[in-house]
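# Coordinate inspection notes
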Amino acid sequence: MESRAEAREFLKSRRAKLSPPSSVPPSDPTSRAVHRRVPGLRREEVAALAGVSVDYYTRLEKGRLETASPAVLDAIARALQLDSAERSHLYSLARASRGELAEPPPDATDGALRPQLRWLLDAMGRSPAYVRNGRLDVLAHNVMGHALYKPMFDSMGDRPNLALFCFLDGRAQEFFPKWPEVAEETVALLRAETGRHPSDAVTADLVQSLLHGSTAFFTLWATHDVRRILAEGKEFAHPQVGPLTLTLEALEVCADPGLTVVAYAAQPASQSEEGLNRLSQTRTATPSG
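Every value quoted in this text rests on a predicted model; they were computed, and no experiment measured them.

### Details of helix α14 (residues 271-282)
Counted at 1.5 Å a residue, the expected span for α14 with its 12 residues is 16 Å, and the 17 Å between its end C-alpha atoms agrees. Looking only at α14, the buried set comprises Ser 272, Gly 275, Leu 276 and Leu 279. All buried residues of α14 lie within an arc of 100° about the axis, which places them on one face of the element. Exposed side chains of α14 directed beyond 90 degrees from the buried face belong to Gln 271 and Gln 281. Buried residues along α14 sit in contact with α7 (143-148), β3 (231-238) and β4 (242-252).

Right under this line is the structure:
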């Protein structure tokens, strides 16, 4: 991934999402929508909101973030109304522009997952759970995790990739009743990963495969949206037990940067809890590792 181009497109896309500031006097002809040649804010408007010169902001938006101090990055983030995930992405892009590259994420094939994480997954017997890296490779799972994502494991084997399943396997759109939302989240997570590890060749190859294999991915990738998902609800149309509405908790592993434990649970006494109970009775898979 070319970090300067990524920074340029990210800043342009965030600027395009914002409405013109209401503080511009209506009598100013440049404030009228008919005269605006670009969506969202102009560069000079962002510069004014951030308290920097237009020339300096223009330099930053061309991808030259290496000279930006933390204070400047914070000011740009406030001016562009970035959320926490977007702010983190901006900082990652700035570090990459200075050559401060993080270690690449653990590979799905390196077999280096700590046994303690596998023990943790197995101890979460009633909850479907798996460990993934930033590029969305599933590195390990428990029995219920395999049972919940059975269509994915049946299709891709014991080390699947969530993005490849989402976009290149037709069963994903049946498995996820709200597939468009899942697709947006998947792309946003992968985009954030490229900001953290712009020189990782494995991630770059994955993105290229998705760009060439899925029109939907190509379209969503161009939005430059990023996201950090820690907790949310998720719906499944499971081929064995039917509809499930589960809560997702994503637990970042402090001892293993880049790894996340993802676990699911159902509301007590709900139909989804009954569905998980039936799934636990029909499971045939064994935990990985």
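### Regarding the pattern of salt bridges
In total, this model carries 22 salt bridges according to the counting rule given. Residue Arg 4 is joined to Glu 66 by a salt bridge in which the shortest nitrogen-to-oxygen separation is 3.9 Å. One end of the pair, Arg 4, is in helix α1 (residues 3-16); the other, Glu 66, is in the loop between α3 (54-61) and α4 (70-79), with 62 residues separating them in the sequence. For Arg 4, a relative accessible area of 32% gives the class partly exposed.

Rules used throughout
- Residues numbered from 1 in each chain as written.
- Predicted model: local features only at pLDDT ≥ 70, side-chain atom pairs only at ≥ 80, totals over all residues.
- Heavy atoms only, no water.
- Helix = DSSP H or I, 4+ residues; strand = E, 2+ residues; numbered from the N terminus.
- Expected span 1.5 Å × (residues − 1).
- Buried < 20%, exposed > 50% of the residue type's maximum accessible area, 1.4 Å probe, protein only.
- Arc of directions from axis to C-beta.
- Contact = heavy atoms within 4.5 Å.
- Salt bridge = Lys/Arg side-chain N within 4 Å of Asp/Glu carboxyl O.

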